[in-house]
Amino acid sequence: MREHGGCSDSSSDLDEEFPVFDFLQLGRHPHPASQSSTDNTHSGNVGTYSGAADVMMISSDSDDDAPYVPLAQRLKQRQESVISASSSVTNGKDAEHYSPSKLGDLQLSRQNGLSEQPLSFHQVRTVSPDEAAVFPQQGLPPADAKKNAAKQTLEIQSSTKEVLMKKQNREGHQRAKEGHRQEQERQRAERKALAEAAKALRPEECIKHMVVAVDPALLQLEGGGTLLAVLQALGCNCAIEKQGIPRSVSWMRRAPCAQPEDAECVREALVVMQMTVDDFITLTHSYIQEQRHGAGSGPTLSSWVQQHQTRHPAKTLSLVVLDLEKYFRSQKSQTKKQNGGEEGGVKKRRKNRGAQILPEVSRVDLEEAVVHLQLHNGVSVCFLSTWKDFSDHITMTTKAVAEAPFKQEREKTGFSFYLESEWAGGQRVDKAGKGLLQVWRRQIQQLNRVSPDMASALLAAYPSPQLLHKAYSRCQSERESVSLLSELLIRRGEGVTSTTRHVGPELSRRLFLLMTSCDPENTLDSTV
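As a starting point, this report considers the structure included with it. In this text the structure is predicted, and so the values were computed from the model without any measurement.

## Section: the packing of aromatic side chains
Line of reasoning, step 1. In this structure the tally under the stated criterion is four aromatic pairs.
Line of reasoning, step 2. Here the aromatic rings of Trp387 and Phe390 are separated by 5.5 Å at their centres, their planes lie at 80 degrees, and the arrangement is edge-to-face. Taken as a pair, Trp387 and Phe390 lie in helix H16 (residues 387-410) at a separation of three residues, close to a single helical turn. For the pair formed by Trp387 and Phe390, the shared burial category is buried.

Structure (structure tokens):
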């Protein structure tokens, strides 16, 4: 201590006491007895840190034997020891020894003279990940903890976003796969429907898809039962429903479908109407009167047909008149009786008193009215004798309506002057003679008005031109040669709808000229 007198002796510097911290100690560890005496001696001058296990009070006094080390050098040595301790902790050596919970024991061990270096209160420690997870606040500073928390949040958000993107991609792929599968099923169904539709147009299958609609008023007449029986025997479907035109028959084509109850029916344009003799004669007489005198007493045959065409513009009307010859026979008998005398006429009037008297129409007038109707209104008239003939007429019309789409499709060719579009490439014939039959067929079909059915019938009888030439040579006369092929049967269609006809003398004559004529300027057909 300094003296208040303003002067001091030579030992005043040595007697002056300073507070010394543990990190300034250079490894000197005084004995416990001296440490206790020192604490007791300087308890009034230096404040002690009670309850702090890592801080202890020492005095600058030392043994006389210890050399004196200046304060600056001691601080430098202390700094070097701190750096070496920090590097050892950074390398992961003795990490558990430097945990915060054991700092007090570490300081006490150093006070007791152990050789380990003490830690300062301001030393920076590197904490292992396990310690940081258990003691986050002690292991890392607040700034590093916030940084790691933000980093973890970003990682969680990125992983969540990645999972959502994968889920969306997977769902999108599944939707695309499902859409592709549905598209394939739709295309497969369309191809199947087209195949079924093409099959339904074949002659042997088309009748099964036809529906004949018959007006109930037609079935109540004399031959209604016969008509219904013939249609059922044909193999088509019958529908009894009221028609827009009375006593008429119409047709519907049922489109092929997977479910029969879902099939749609497409109505055909043709309508056949059965017309009574009385109505037909009355309308014809009105037409004749209008043509001769300029005015009629009622509707004419043409105006009556035009009225139905206006009501049904999409329909093609065809008329059938039954037993018209009965009217002409009655007219002829009346004429004879009138020529026989008044007595016969009186008896006739008494007999037909309750019957309607029809106007007189000649056959010439009737034909004139029918021709005018066909040319100006496009309506054909068919005269039949019995109800059996009417039933057969409906049967043949049903076959014609059923086969019409197939025939129209077959006639569609690339060029009008070729029967088949494949003719443009010619017919290949190999060394074995395969293909000669098709060449012969095409030679026959090059003639005017020769159908494939006609060519097939000729090929069946004479498979080569040489055989036909030999047949001509065996004929006794030219007339026999000309008519050689006229009786050949031509089969048209297949199944129940098939029909037959003869080749005819015209085609037979042209083939005879083709095979036997030596004149290159000879014309086979004047209409070629």
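## Thoughts on helix H19 (residues 465-473)
Line of reasoning, step 1. Those residues of H19 that fall on the buried side of the exposure criterion are Leu468, Ala471 and Tyr472. Taken around the axis of H19, the buried residues stretch over an arc of 100 degrees, which confines them to a single face. Pointing more than 90 degrees away from the buried face of H19 are the exposed residues Gln466 and Ser473.
Line of reasoning, step 2. Taken together, the buried residues of H19 touch helix H17 (436-445), helix H20 (478-482) and helix H21 (505-516).

## Remarks on helix H12 (residues 301-311)
Line of reasoning, step 1. Buried within H12 we find Leu301, Ser302, Trp304, Val305 and His308. Across the axial projection of H12, the buried residues extend over an arc of 165 degrees, all falling on one side. In H12, the exposed positions that point more than 90 degrees away from the buried face belong to Thr310 and Arg311.
Line of reasoning, step 2. Summarising the contacts, the buried residues of H12 are in contact with strand S4 (265-275), helix H11 (277-293), strand S5 (316-322) and helix H15 (363-376).

## Notes on the environment of Ser498
Line of reasoning, step 1. Among the secondary structure elements, Ser498 is positioned in the loop between strand S7 (489-492) and strand S8 (499-502).
Line of reasoning, step 2. The class for Ser498 is partly exposed, based on a relative accessible area of 25%.
Line of reasoning, step 3. Spatially, the C-alpha atom of Ser498 lies 8.9 Å from that of Glu204, the residues being 294 residues apart in sequence.
Line of reasoning, step 4. Each residue touching Ser498, except ones within four places of it in the same chain, is listed here: Arg491, Arg492 and Gly493.

## A look at the pattern of salt bridges
Line of reasoning, step 1. Under the defined criterion, the tally for this structure stands at 15 salt bridges.
Line of reasoning, step 2. We note a salt bridge from Glu183 to Arg186, for which the minimum N-O separation is 2.3 Å. With a gap of three residues between them, Glu183 and Arg186 both fall in helix H7 (residues 142-200), about one helical turn apart.
Line of reasoning, step 3. When its relative accessible area of 38% is taken as the criterion, Arg186 is described as partly exposed.
Line of reasoning, step 4. One salt-bridge network, in which partners are shared between bridges, spans Glu178, Arg181 and Glu185.

## A word on the packing of H11 against H15
Line of reasoning, step 1. It is at 10 Å that the axes of H11 and H15 come closest, and there the two elements cross at 85 degrees. By the angle class used here, H11 and H15 are roughly perpendicular. Where H11 approaches H15, its residues Phe280, Thr284, Tyr287, Ile288 and Arg292 are matched on the opposing element by Asp365, Leu366, Glu368, Ala369, Val370 and His372.
Line of reasoning, step 2. Across the contact of H11 with H15, the residue classes break down as six nonpolar, two polar and three charged.

## Regarding the state of the cysteines
Line of reasoning, step 1. All told, the structure shown has zero disulfides when counted by the stated rule.
Line of reasoning, step 2. You can see Cys236 has no disulfide; the closest cysteine sulfur is in Cys238, sitting 4.8 Å from it.
Line of reasoning, step 3. For Cys236, a relative accessible area of 8% gives the class buried.
Line of reasoning, step 4. In this structure Cys238 comes out as partly exposed when scored by relative accessible area, which is 32%.

Basis of the calculations
- Residues numbered from 1 in each chain as written.
- Predicted model: local features only at pLDDT ≥ 70, side-chain atom pairs only at ≥ 80, totals over all residues.
- Heavy atoms only, no water.
- Phe/Tyr/Trp six-rings, centres within 6.5 Å; stacked < 30°, edge-to-face > 60°.
- Helix = DSSP H or I, 4+ residues; strand = E, 2+ residues; numbered from the N terminus.
- Buried < 20%, exposed > 50% of the residue type's maximum accessible area, 1.4 Å probe, protein only.
- Arc of directions from axis to C-beta.
- Contact = heavy atoms within 4.5 Å.
- Salt bridge = Lys/Arg side-chain N within 4 Å of Asp/Glu carboxyl O.
- Axes fitted to C-alpha atoms, helices over the stretch in contact; angles between N-to-C directions.
- Parallel < 35°, antiparallel > 145°, perpendicular 65-115°, else oblique.
- Nonpolar A, V, L, I, M, F, W, Y, C, P; charged D, E, K, R; others polar.
- Disulfide = S-S within 2.5 Å.

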